[in-house]
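Commentary on secondary and tertiary structure
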Amino acid sequence: MTNNLTLIGFGALWLLAAAALVAFRARRGSATHTYKPVALMTANELDFFQRLRRAVPDCHVFPQVSMAAIIQPAARDPKTRLQAFRRISQKRVDWAVYSPQMELLCIVELDDRTHDANRDAARDANLQTAGIRTLRWHSTRKPTDIEIRTQIDVIRDARRAQARAAASGRQNDKDRGSIRWEIAR
C-alpha cells in the first residue's frame, strides 16, 4: 500500500511539474508586446507627397512601397533567386507613381542626409534591370510641380513610344523590354 501511495505521489508530482512547465512556456510564448503608431511620412515627405499629387493628379502615388511588391528576381536557380530576393526584401521606395491604368511609371526618391549614395545607386540599378526609372531629388532642392510633371511626362511618353513600336513590330528583339533613359537628374 505504501508503494502504491508513493507511486501515486510521484505521478501526481510529475503531472503537476509538467502542467507548470506547459503553463510557463505558454505564458512566455504569448507575452504581448506593446507598440505605438508612427507617422507614415515625415513633415518634409508629406509636403513633397502633396507636391507630387498636385504635379500628376491623373496618376496614383503610393508612399513607402516595398521593393518586393514592384520587382522580383528573374533568376531561375532557386538559390540565386533567394539571394536576389534578400537584397530587396527589406527595402522600400519613397513613392511609386502609377498611371491611371495602374502601370508603374517610375519611382520617386527624396534624398536627405539619411540617404547613402552607394546604397541608392545599388537600389536604382536593381530597379533599372526591371526597366523602372528612379527620379531623385534632394530635399533641400525640391523641384516645382511643373518640373515634376515634366520629368514624369518624359517617362510616360517614352513608355508610350515603346508600346507603339512594339505593337508595330519595329522594335528590335534585343531592345524589347528596356527603355533608354536620358533624363538629367
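Everything below is about the structure shown above.
Throughout what follows, the structure given in this document is the object of discussion. Model, not experiment: these values are computed from the prediction.

Rules used in this analysis
- Residues numbered from 1 in each chain as written.
- Predicted model: local features only at pLDDT ≥ 70, side-chain atom pairs only at ≥ 80, totals over all residues.
- Heavy atoms only, no water.
- Salt bridge = Lys/Arg side-chain N within 4 Å of Asp/Glu carboxyl O.
- Helix = DSSP H or I, 4+ residues; strand = E, 2+ residues; numbered from the N terminus.
- Buried < 20%, exposed > 50% of the residue type's maximum accessible area, 1.4 Å probe, protein only.
- Lys, Arg positive; Asp, Glu negative; His and termini not counted.
- Polar contact = N/O pair within 3.5 Å; in protein donor to acceptor, adjacent residues only side chain to side chain.
- Core = buried A, V, L, I, M, F, W, Y, C linked by side-chain atoms within 4.5 Å.
- Contact = heavy atoms within 4.5 Å.
- Expected span 1.5 Å × (residues − 1).
- Arc of directions from axis to C-beta.
- Pairing = 2+ DSSP bridges.

Within the structure shown, the criterion is met by 11 salt bridges. When the shortest N-O distance is used, the salt bridge between Arg136 and Asp111 registers 2.6 Å. Residue Arg136 is found in strand E4 (residues 133-138), and its partner Asp111 is found in strand E3 (residues 104-111); the two are separated by 25 residues along the sequence. The same class applies to Arg136 as to Asp111, namely buried.

On to the side chain of Glu109, then. Structurally, the position occupied by Glu109 is in strand E3. Buried charge without a partner: Glu109 forms no salt bridge, and the closest opposite charge is Arg136, 4.2 Å away. A polar contact of 2.9 Å, which involves the side chain of Glu109, links it to the backbone nitrogen of Asp94.

As a further point, take the nonpolar core. Counting residues in each nonpolar core, the largest one holds 19 residues, and the members touching the most others are Phe48, Leu52, Trp95, Val97, Val108 and Ile152. Mapped by element, the contributors of at least two residues to this core are helix H2 (43-55), strand E2 (92-98), E3, E4 and helix H5 (145-168). Beyond its immediate stretch of four places on either side in the chain, Trp95 contacts Met41, Glu45, Phe48, Phe49, Leu52, Val61, Phe62, Pro63, Cys106, Ile107, Val108 and Leu110. Residues Val93, Ala96, Ile107 and Leu127 belong to the second largest nonpolar core, which totals 12 residues.

What follows is about unusual backbone geometry. Residue Gln64 is not a glycine yet carries a positive backbone phi of 50°. Tracing the chain through its elements places Gln64 in strand E1 (residues 60-66). Phi angles above zero are rare outside glycine, and Met102 is one such case at about 65°. Along the chain, Met102 falls in the loop between E2 and E3.

Time to look at H2. An α-helical segment advances 3.6 residues per turn. Residues three or four places apart therefore align on the same side. Counted at 1.5 Å a residue, the expected span for H2 with its 13 residues is 18 Å, and the 18 Å between its end C-alpha atoms agrees. For H2, the complete set of buried residues consists of Glu45, Phe48, Phe49, Arg51, Leu52 and Ala55. Viewed end-on, H2 has its buried residues packed into an arc of 160°, placing them on one side of the element.

Before going further, it helps to examine the pairing of E2. One face of the sheet, then the other: side chains in a regular strand alternate in exactly this way. Of all seven residues in E2, six are buried, a share of seventy percent or more. Both E1 and E2 contribute to a ladder of six bridges, which runs antiparallel. What sits directly across from His60, in E2, is Tyr98. Between E2 and E3, which pair antiparallel in sequence order, lie five residues; one of them, Met102, sits at a positive phi of approximately 65°.

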